[in-house]
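The primary structure of each chain is shown beneath.
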Amino acid sequence: AAIASRAAERGVPLEVARTDAQAMFLEIAAHMSSTFLAILNFFVAAIIRQQRRAISQLATSNMDLEGRVTERTLAIEAAERRFRATFENAAVGIGIVSADGTLLNVNDGLAQMLGFEAGELEGRSLDQLTHAEDLALGNAAWEKPRIGTSDTYELVERYLRKDGSVFWGLLTAS
């Protein structure tokens with residue numbers, strides 16, 4: 001009854017059936033002064049302003065990051081175009097080789113030297129294109145970058161063309 005009269009004085013509606021937690025809340029609300037409610041309102045408003053400011057700052061940061069990603073993506077695409085143009089138009093044969101010695105990508109210069117189409121070489125092992133007497137020399141040189149004792153090597157060895165003929169080539173690997 002005391003809670004109900006205090007709640008009524010403050011204009012807080014009170015229903016007959018309440019749980020203990022609800023009753024405690026109403027008791028507290030009934031005792032709150034308008035000054036306390038004003039202070040509480042001030043802090044809630046300040047929190048909401050901070051949240052809005054944080055959301056705005058996040059949106060600005062996100063736009064900045066998206067701009068940077070776009071710039072870097074464009075730079076990477078430009079570098080890829082330059083690499084591709086150099087690779088495809090080089091006056092020498094170039095091949096990109098996996099760690100196990102498989103040709104992943106070759107340019108037309110290398111394909112022409114070996115008498116193949118570029119697509120026929122991709123997926124082949126370098127060992128299939130190297131003269132049998134030069135395999136040990138090539139494998140020993142190949143080990144240096146693989147184990148980290150050197151970043152590059154040069155090697156003069158014989159290669160086999162598609163028609164079975166042999167030619168000498170200078171291999172520079174990096």
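K.L.:
Help me understand the packing of aromatic side chains, please; the structure alone is not making it clear to me.
P.N.:
For any pair of aromatic rings, the description consists of the separation of the ring centres together with the inter-plane angle of the planes. In the structure shown here, the tally under the stated rule is three aromatic pairs. An angle of 75° between the planes, with centres 5.5 Å apart, marks the rings of Phe 42 and Phe 43 as edge-to-face. Overall, the relative accessible area of 48% leaves Phe 43 in the partly exposed class.

K.L.:
Explain a nonpolar patch on the surface to me, please; I cannot follow it from the model alone.
P.N.:
Taken together, the side chains of Phe 36, Leu 37, Leu 40, Val 44 and Ile 48 present a nonpolar region at the surface, about 400 Å² in accessible area. Here Leu 37 lies in helix H3 (residues 34-89).

K.L.:
Help me out: how do you make sense of helix H7 (residues 135-147) in this one?
P.N.:
Note on helix geometry: an α-helix contains 3.6 residues per turn, so any two residues three or four positions apart are oriented the same way. When the terminal C-alpha atoms of H7 are compared, their 18 Å separation across 13 residues agrees well with the 18 Å that a helix rising 1.5 Å per residue should span. Just past H7, the residue Gly 148 takes up positive phi, approximately 90°.

K.L.:
Even after reading the chapter, I still don't get the layout of surface pockets, so can you show me in this structure?
P.N.:
Once rolled over the atoms, a probe with the size of a water molecule shows which space is left empty. Approximately 900 Å³ is the volume found for the largest pocket. Along the wall of the largest pocket there are 36 residues; nearest its centre are Val 97, Leu 126, Leu 171, Thr 172 and Ala 173. Residue assignment for the lining of the largest pocket shows that the elements contributing at least two residues are strand S1 (95-97), helix H4 (108-114), helix H6 (126-129), H7, strand S3 (153-160) and strand S4 (166-173). If one sorts the elements of the lining of the largest pocket by residue count, S4 sits on top with seven residues. A per-class count over the lining of the largest pocket returns 21 nonpolar, 10 polar and five charged.

K.L.:
In this structure, what is going on with the pattern of salt bridges? I would like to understand it.
P.N.:
Under the criterion given, the structure shown has six salt bridges. With a shortest N-O distance of 2.8 Å, Arg 68 and Asp 64 are connected by a salt bridge. Taken as a pair, Arg 68 and Asp 64 lie in helix H3 at a separation of four residues, close to a single helical turn. Classification of Asp 64 as partly exposed rests on a relative accessible area of 39%. The shortest N-O distance in the salt bridge between Lys 162 and Glu 120 comes to 2.7 Å. With Lys 162 in the loop between S3 and S4 and Glu 120 in helix H5 (residues 118-121), this pair connects stretches of sequence that are 42 residues apart. You can call Lys 162 partly exposed: its relative accessible area is 47%. Overall, the relative accessible area of 32% leaves Glu 120 in the partly exposed class.

The rules we used
Residues numbered from 1 in each chain as written. Predicted model: local features only at pLDDT ≥ 70, side-chain atom pairs only at ≥ 80, totals over all residues. Heavy atoms only, no water. Phe/Tyr/Trp six-rings, centres within 6.5 Å; stacked < 30°, edge-to-face > 60°. Buried < 20%, exposed > 50% of the residue type's maximum accessible area, 1.4 Å probe, protein only. Patch = residues over 30% accessible without salt bridge, like charges linked within 9 Å, V, L, I, M, F, W, Y side chains within 5 Å. Areas by Shrake-Rupley, 256 points an atom, 1.4 Å probe, with all protein chains shown as cover. Salt bridge = Lys/Arg side-chain N within 4 Å of Asp/Glu carboxyl O. Helix = DSSP H or I, 4+ residues; strand = E, 2+ residues; numbered from the N terminus. Expected span 1.5 Å × (residues − 1). 1 Å grid on protein atoms, 1.4 Å probe; cavity = no way out; pocket = protein on both sides within 12 Å on 5 of 7 lines; lining within 4 Å. Points joined across faces, edges and corners; volume = space filled by probe spheres on them. Nonpolar A, V, L, I, M, F, W, Y, C, P; charged D, E, K, R; others polar.

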